[in-house]
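# Architecture and fold: a report
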Amino acid sequence: GYQELTPEEFKSIDEANVRLMLVDGKSREWEKEFIHRDGHRVPLLVTVYVIHDEHGKPEAFAAILRDLTAMKLAERLLLEQE
């Protein structure tokens, strides 16, 4: 699963967000990293949508992962120019 790809320092953030989504039923977005199969880390923006059953209770999640590598590189280059 996704936790096998998640560096240790991001696992508690994932768990806290999942707990909150189960309690309040609201979608969440946060940054994290995944470990690529070649070992390098990939910065991601994770957007998780809560899917509700007919009674309004959370029953599933749908996630979109956006690779932030190019954005993070651009940020570093801008900071170096200051």
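See the structure printed just above.
Residues numbered from 1 in each chain as written. Predicted model: local features only at pLDDT ≥ 70, side-chain atom pairs only at ≥ 80, totals over all residues. Heavy atoms only, no water.

### Brief notes about helix α2 (residues 8-24)
When the terminal C-alpha atoms of α2 are compared, their 26 Å separation across 17 residues agrees well with the 24 Å that a helix rising 1.5 Å per residue should span. Looking only at α2, the buried set comprises F10, D14, N17 and M21. For α2, the angular spread of buried residues about the axis comes to 70 degrees, placing them on one side. In α2, the exposed residues that point more than 90 degrees away from the buried face are E8, R19 and V23. Of the residues flanking the end of α2, it is G25, one or two places downstream, whose phi is positive at about 70 degrees. (Helix = DSSP H or I, 4+ residues; strand = E, 2+ residues; numbered from the N terminus. Expected span 1.5 Å × (residues − 1). Buried < 20%, exposed > 50% of the residue type's maximum accessible area, 1.4 Å probe, protein only. Arc of directions from axis to C-beta.)

### Overview of the environment of E9
With respect to the helices, strands and loops of the structure, E9 is situated in helix α2. Each C-alpha atom, one on E9 and one on K32, is 9.2 Å from the other, the two residues being 23 residues apart in sequence. At 2.4 Å, the side chain of E9 and the side chain of R41 are in polar contact. (Polar contact = N/O pair within 3.5 Å; in protein donor to acceptor, adjacent residues only side chain to side chain.)

### A short note on the layout of surface pockets
Taken as a whole, the largest pocket holds about 210 Å³ of empty space. Lining the largest pocket are 13 residues; nearest its centre among them are Y2, W30, V46, V48 and A63. Put simply, the parts of the chain that give the lining of the largest pocket at least two residues each are α2, β1 (28-35), β2 (41-52) and β3 (58-67). Counting residues per element, the lining of the largest pocket draws most heavily on β3, at 4 residues. (1 Å grid on protein atoms, 1.4 Å probe; cavity = no way out; pocket = protein on both sides within 12 Å on 5 of 7 lines; lining within 4 Å. Points joined across faces, edges and corners; volume = space filled by probe spheres on them.)

### Quick look at the pattern of salt bridges
All chains considered together, the criterion is met by 8 salt bridges. One salt bridge in this structure joins R41 and E33, with 3.0 Å as the shortest N-O distance. On the basis of relative accessible area, R41 is assigned to the partly exposed category, the value being 40%. The residue E75 makes a salt bridge to K72 at a minimum N-O spacing of 4.0 Å. In this pair, E75 and K72 both sit in helix α3 (residues 69-81), 3 residues apart, roughly one turn of the helix. Residue classification places E75 among the partly exposed positions, given a relative accessible area of 37%. (Salt bridge = Lys/Arg side-chain N within 4 Å of Asp/Glu carboxyl O.)

### Some words on the sheet that holds β1
If you trace the 3 strands from one edge of the open sheet to the other, you get β1-β2-β3, paired in antiparallel fashion. Edge positions in the open sheet fall to β1 and β3, since each of these has one partner strand only. With direction set aside, neighbouring strand axes in the sheet form an average angle of 35 degrees. In the packing of α2 onto the sheet, the strands contacted are β1, β2 and β3, and the crossing angle to β1 comes to about 150 degrees. (Pairing = 2+ DSSP bridges. Axes fitted to C-alpha atoms, helices over the stretch in contact; angles between N-to-C directions. Contact = heavy atoms within 4.5 Å.)

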